[in-house]
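# Residue-level structure breakdown
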Amino acid sequence: MPGIDESLLEAMRLPGARGASLVDWISGLALGAVGEAPGGDWEATAAETAELGRHVAESGSLAAGGPAGGAVEPGKEPPVEDLIATTGDAYHLLRFVSTPFDSTVFLHLWLDRNDGNLALARIRLAELADRLVLG
């Protein structure tokens with residue numbers, strides 16, 4: 001079972017991958033990062049994507065049947081699987097990771113829109129999230 005660094009390096013092998021990170025959406029910190037950072041700064045990117053991830057994860061209307069208003073209960077799946085943001089030249093895929101403690105992390109993959117395959121990236125990032133070992 002791969003750890004953070006191995007998982008991020010595996011994500012970077014996807015076609016069109018420009019950068020990948022593991023972000024804690026409560027603290028806004030990058031727990032690991034490889035490749036280029038959107039905007040050139042992984043810490044700023046982590047803080048900004050954490051705000052987006054937190055909003056989506058805590059949204060009761062987007063997570064039908066899931067707990068609203070806070071962190072996921074231990075042992076429960078995150079209420080949202082992933083989030084996709086598109087820009088003119090890139091895709092940003094945030095894949096929420098289920099953990100034994102509070103499930104407050106997500107994998108962020110930045111893909112070049114011309115070279116990346118969004119469907120393949122969703123499948124592979126889901127596999128990585130399932131195998132990821134934290135701690």
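Below you will find a few notes about this structure. (Residues numbered from 1 in each chain as written. Predicted model: local features only at pLDDT ≥ 70, side-chain atom pairs only at ≥ 80, totals over all residues. Heavy atoms only, no water.)

### Some details on the sheet that holds strand S3 (residues 82-86)
Across the sheet, 5 strands lie side by side as S2-S1-S5-S4-S3; this open sheet has antiparallel pairing. Each of the sheet's edge strands pairs with one partner strand only, and the pair in question is strand S2 (29-35) and S3. Pairwise comparison of adjacent strand axes, ignoring direction, gives a mean angle of 15° for this sheet. The sheet contacts of helix H2 (residues 42-57) involve strand S1 (17-24), S2, S3, strand S4 (90-97) and strand S5 (105-112), and relative to S2 the element is tilted by about 120°. Contacts between helix H3 (residues 118-131) and the sheet are confined to S3, S4 and S5, with S4 contributing the most and set at about 25° to the helix. (Pairing = 2+ DSSP bridges. Helix = DSSP H or I, 4+ residues; strand = E, 2+ residues; numbered from the N terminus. Axes fitted to C-alpha atoms, helices over the stretch in contact; angles between N-to-C directions. Contact = heavy atoms within 4.5 Å.)

### Some details on the nonpolar core
Judged by nonpolar contacts, the single largest core of 19 residues is most densely connected at Val97, Leu107, Leu109 and Leu125. Within the residue set of this core, elements represented by two or more residues are helix H1 (4-11), S1, S4, S5 and H3. Apart from the residues within four sequence positions on either side, Leu107 is in contact with Leu8, Ser21, Leu22, Leu93, Leu94, Arg95, Val97, Leu125, Leu128 and Ala129. Of all hydrophobic cores here, the second largest spans 12 residues; its members include Trp25, Ala30, Ala46 and Val56. (Core = buried A, V, L, I, M, F, W, Y, C linked by side-chain atoms within 4.5 Å. Buried < 20%, exposed > 50% of the residue type's maximum accessible area, 1.4 Å probe, protein only.)

### Observations concerning H3
With 14 residues, H3 should reach 20 Å at 1.5 Å per residue; the first-to-last C-alpha distance of 20 Å fits that figure. Listing the buried residues of H3 in full gives Ala121, Leu125, Ala126, Leu128 and Ala129. Relative to the axis of H3, the buried residues are bounded by an arc of 165° and lie together on one face. Lining the buried residues of H3 we find H1, S4 and S5. Its side-chain oxygen placed 3.2 Å from the backbone nitrogen of Ala119, Asn117 serves as the N-cap of H3. (Expected span 1.5 Å × (residues − 1). Arc of directions from axis to C-beta. Polar contact = N/O pair within 3.5 Å; in protein donor to acceptor, adjacent residues only side chain to side chain.)

### A short note on the environment of His92
Summarising the element assignment, His92 is placed in strand S4. Judged by relative accessible area, which is 16%, His92 ranks as buried. Considered as a pair, His92 and Gly19 are 73 residues apart in the sequence and their alpha carbons are 9.7 Å apart. Excluding anything up to four places from it in sequence, His92 contacts Pro38, Leu83, Ile84, Ala85, Thr87, His108, Leu109 and Trp110. A polar atom in the side chain of His92 sits 3.0 Å from the side chain of His108.

### Quick word on the side chain of His108
As for its position among the elements, His108 is in strand S5. The residues contacting His108, other than those within four sequence positions of it, are Gly19, Ala20, Ser21, Pro38, Trp42, Thr45, Thr49, His92, Leu93 and Leu94.

### Thoughts on the pattern of salt bridges
Think of it this way: side chains of opposite charge can pair up when their charged atoms draw near. Applying the stated criterion across every chain, the model contains 6 salt bridges. Residue Asp82 is joined to Arg95 by a salt bridge in which the shortest nitrogen-to-oxygen separation is 3.4 Å. Remark: Arg95 occurs in strand S4 and Asp82 occurs in strand S3; sequence separation between them is 13 residues. The class of Asp82 is buried, set by a relative accessible area of 16%. The network of salt bridges with common partners includes Asp82, Arg95 and Arg122. (Salt bridge = Lys/Arg side-chain N within 4 Å of Asp/Glu carboxyl O.)

So, to be careful, I would describe these as geometric facts and stop short of saying anything about function.
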